[in-house]
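The lines below spell out each chain.
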Amino acid sequence: MRLTKFTDLALRAVMRLAVSEQDSYPTTREVAESMAVPYAHMAKVVTRLQHLGVVEARRGRNGGLALTELGRRSSVGWLARTLEGDEEVVACEGDPPCPLRTACRLRGLLRQAQEAFYRTLDPLTVADLVESPTGPVLLTLSTGPRDP
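Residues numbered from 1 in each chain as written. Predicted model: local features only at pLDDT ≥ 70, side-chain atom pairs only at ≥ 80, totals over all residues. Heavy atoms only, no water.

Caption draft 1: Region of the structure containing the pattern of salt bridges. Under the definition given, this model contains six salt bridges. Two residues, Lys-5 and Asp-8, come together in a salt bridge whose shortest N-O distance is 3.9 Å. Note that Lys-5 and Asp-8 are positioned in helix H1 (residues 5-18) at a spacing of three residues, about one turn of the helix. Note on Lys-5: relative accessible area 53%, which makes it exposed. Residues joined by salt bridges that share partners form a network here, namely Lys-5, Asp-8 and Arg-12. (Salt bridge = Lys/Arg side-chain N within 4 Å of Asp/Glu carboxyl O. Helix = DSSP H or I, 4+ residues; strand = E, 2+ residues; numbered from the N terminus. Buried < 20%, exposed > 50% of the residue type's maximum accessible area, 1.4 Å probe, protein only.)

Written as C-alpha cells, this is what we have:
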C-alpha cells in the first residue's frame, strides 16, 4: 500500500500544525518551507484540510493556520481514507479492462489488505503522531520569525 503524495503532505502538515504553540499561527508558506515542499502543493493540501474541518485558516496580519479540535483528535486512518478516496490498489476496470476482472481473486485480497492497512491507522490520532521523538523534531523545522 502506498499513499499518494497529497496524503503524505497532508499528514505532515497536520503534524507540523499539531506542535505549533497555542498563539502561533504559521502560514501556508512557512509550513511548506519547513516541510521542504513547493508552496503551491501545500496550498492545495491546506485547502482540502480546511474543507474537511481539520485546519482553520485565519486571515490578516497575525493570521495563519491552526489545527482544529477535530484535526487534533482525528483518526489517522479516517484522514488517510478520506484523502485517498475509494481508489482500489489495482485498476481492474481500467482502459482496457483486465480480462480476469470477473474471476480474479487478487482484487478482493488486495482490497482486504488495503482495509487492514487503514485499520492499523484507525486507533491513532494526529496527537499520537507528534509524541516524542517526532514532536521535538518537528519543532526544529521552524522557518523562524516572520518579518514585521
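That covers the picture; the talk isn't over yet.
Caption draft 2: Representation of unusual backbone geometry in the model. With an omega dihedral of 15°, the bond running from Ser-132 to Pro-133 counts as a cis peptide bond. By the secondary structure assignment, Pro-133 is in the loop between helix H7 (126-129) and helix H8 (134-139). Of note, the phi angle at Ala-36 is positive, near 60°, even though the residue is not glycine. Residue classification places Ala-36 among the exposed positions, given a relative accessible area of 71%.

Caption draft 3: Looking closely at the pairing of strand S1 (residues 55-58). Here S1 pairs with strand S2 (residues 64-67) via four bridges, running antiparallel. Across the sheet, residue Arg-58 finds its bridge partner in S2, namely Gly-64. Two successive antiparallel strands, S1 and S2, enclose a turn made up of five residues, where Gly-60 displays a positive phi of approximately 105°. (Pairing = 2+ DSSP bridges.)

Caption draft 4: Looking closely at the nonpolar core. Ranked by internal contacts, the top residues of the largest apolar core, which has 31 residues, are Val-14, Met-42, Leu-49, Val-54, Val-55, Leu-67 and Leu-79. Counting residues per element, the ones that place at least two in this core are H1, helix H2 (28-34), helix H3 (39-51), S2, helix H5 (76-84) and helix H6 (106-121). With eight residues, the top contributor of residues to this core is H1. Here Met-42 is in contact with Leu-9, Ala-13, Thr-28, Val-31, Ala-32, Met-35 and Val-37, once residues within four sequence places are set aside. (Core = buried A, V, L, I, M, F, W, Y, C linked by side-chain atoms within 4.5 Å. Contact = heavy atoms within 4.5 Å.)

Caption draft 5: Representation of the packing of H5 against H6. Where H5 meets H6, the axes come as close as 6 Å, and the angle between the chain directions of the two elements is 135°. By the angle between their directions, the pair H5 and H6 is classed as oblique. The segment H5 lies against H6, with Val-76, Gly-77, Ala-80, Arg-81 and Glu-84 engaging Glu-115, Tyr-118, Arg-119 and Leu-121. Its residues assigned to classes, the contact of H5 with H6 comprises four nonpolar, one polar and four charged. (Axes fitted to C-alpha atoms, helices over the stretch in contact; angles between N-to-C directions. Parallel < 35°, antiparallel > 145°, perpendicular 65-115°, else oblique. Nonpolar A, V, L, I, M, F, W, Y, C, P; charged D, E, K, R; others polar.)

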